[in-house]
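Each chain, letter by letter, is given below.
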Amino acid sequence: MGLKQLQGAIRDMTTSSFISDSKTESMDAKCHMAYLDMNGGTSALPSEVSTNAEELEQLCGKQVAAADIELERMRWDFVLAKLKYEHEDNEKQRLHEERMEQIHQQAVKRSFSQGLQDLLRPPNQYALFLYCFIIIHVIYILKELAFYFFQTHYLFCFAIVLIFILKKIFEDYKNKKKSS
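Notes on the structure in this doc start here. Sequence order as written defines the numbering, with residues in each chain counted from 1. With pLDDT at 70 or above as the cut-off, local features in this predicted model cover only qualifying residues; side-chain atom pairs require 80 or more to be listed or tallied, and sums for whole chains, interfaces and linings still use all residues. Where side-chain values are given, they derive from all heavy atoms of the structure, hydrogens and water being excluded.

1. Here's the deal with the overall build of the protein chain
Item 1. To qualify as a helix, a DSSP run of H or I must reach at least 4 residues; to qualify as a strand, a run of E must reach at least 2; elements of each kind are numbered from the N terminus. Looking only at helices and strands, one finds 6 helices and 0 strands in the protein chain.
Item 2. When the helices and strands of the protein chain are placed in sequence order, the string is α-α-α-α-α-α.
Item 3. Looking at the protein chain as a whole, 8% of its 180 residues are labelled buried.
Item 4. Contact definition: two residues touch when any of their heavy atoms are within 4.5 Å. Looking at the protein chain alone, contacts between residues at least 24 apart form 68% of all its contacts between residues at least 6 apart.
Item 5. Counting only carbon and sulfur atoms, one obtains 64% of the accessible surface of the protein chain, whose full area is about 15900 Å². For each residue, the accessible area found with a 1.4 Å probe, counting protein chains only, is set against the maximum for its type, and the residue is called buried under 20%, exposed over 50%, and partly exposed in between. Only the protein chains shown count as cover for residues, and the accessible areas themselves come from Shrake-Rupley with a 1.4 Å probe.

Rendered as structure tokens:
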């Protein structure tokens, strides 16, 4: 909360407390000119130079203070934005972990047959229609395959049926012999 209050206080400062761009440009020029005057040895009077230098120092100090405040405000904005995104990421991670835990608990509670029933239970009438359509066509295809197999391989089918009949007769004969 302290961070937000500090940032709000910095934002609420009026722009009059900061020096405008045109003034900063003129102060930059004055600071530069004063520096040249002092170092260049121009013909300005020493008393004028000292008062101008003091005035320029004060202006430059105000400019530096305003720039420092602006930099500090930008730094706090950045820190606040970073904290906000970190908080959002942590919240997303927490929600994801909760969802995964719920899914895991539901998976543990259900048995395999329950899961299979849920998988095969149609969610709406169109899915039910699709399931019925598929089942009917699978039955039809199996019937057609059986008829095709019997028509093309009727001797083989006759031999298989004959083997099963003979096997059943042989088993019945064994069972009668054991019981007597």
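Still to come is the rest of the account.
2. Topic: the packing of aromatic side chains
Item 1. Aromatic rings from Phe, Tyr and Trp, with only the six-membered ring used for Trp, were paired whenever their centres fell within 6.5 Å, and each pair was classed as stacked if the ring planes differed by under 30 degrees, edge-to-face if by over 60, and tilted otherwise. What the rule picks out here adds up to 3 aromatic pairs.
Item 2. Three or more aromatic residues link up through ring pairs in this structure, and these residues are Phe149, Phe150 and Phe156.
Item 3. We call a charge positioned above a ring when the Lys NZ or Arg CZ atom is no farther than 6 Å from the ring centre and deviates by at most 35 degrees from the ring normal. A cation over an aromatic ring shows up here: Lys84 above the ring of Tyr85, its NZ or CZ 5.6 Å from the ring centre.

3. Some words on a nonpolar patch on the surface
Item 1. Among the surface-exposed residues, Phe129, Leu130, Phe133, Ile134, Val138, Tyr140, Ile141, Leu142 and Leu145 lie close enough to one another that they form a single nonpolar patch of about 930 Å² accessible area.
Item 2. Its place among the elements puts Tyr140 in helix α5 (residues 125–152).
Item 3. Tyr140 gets classed as partly exposed once you look at its relative accessible area, which sits at 48%. Surface patches are defined over residues having more than 30% relative accessible area and no salt bridge, joining like charges when they lie within 9 Å and nonpolar side chains (Val, Leu, Ile, Met, Phe, Trp, Tyr) when within 5 Å. Whenever Lys or Arg places a side-chain nitrogen within 4 Å of a carboxyl oxygen from Asp or Glu, that contact is recorded as a salt bridge.

4. Quick notes on the pattern of salt bridges
Item 1. Within the structure shown, the criterion is met by 5 salt bridges.
Item 2. Across the salt bridge formed by Glu72 and Arg75, the nearest N and O atoms sit 3.0 Å from each other. Of this pair, Glu72 and Arg75 both sit in helix α3 (residues 46–109), 3 residues apart, roughly one helical turn.
Item 3. On the basis of relative accessibility, which here comes to 32%, the residue Glu72 falls in the partly exposed class.
Item 4. Exposure remark for Arg75: the relative accessible area of 43% places this residue in the partly exposed category.
Item 5. In this structure, the salt-bridge partner of Glu91 is Arg94, at a minimum N-O distance of 2.4 Å. Of this pair, Glu91 and Arg94 both sit in helix α3, 3 residues apart, roughly one helical turn.

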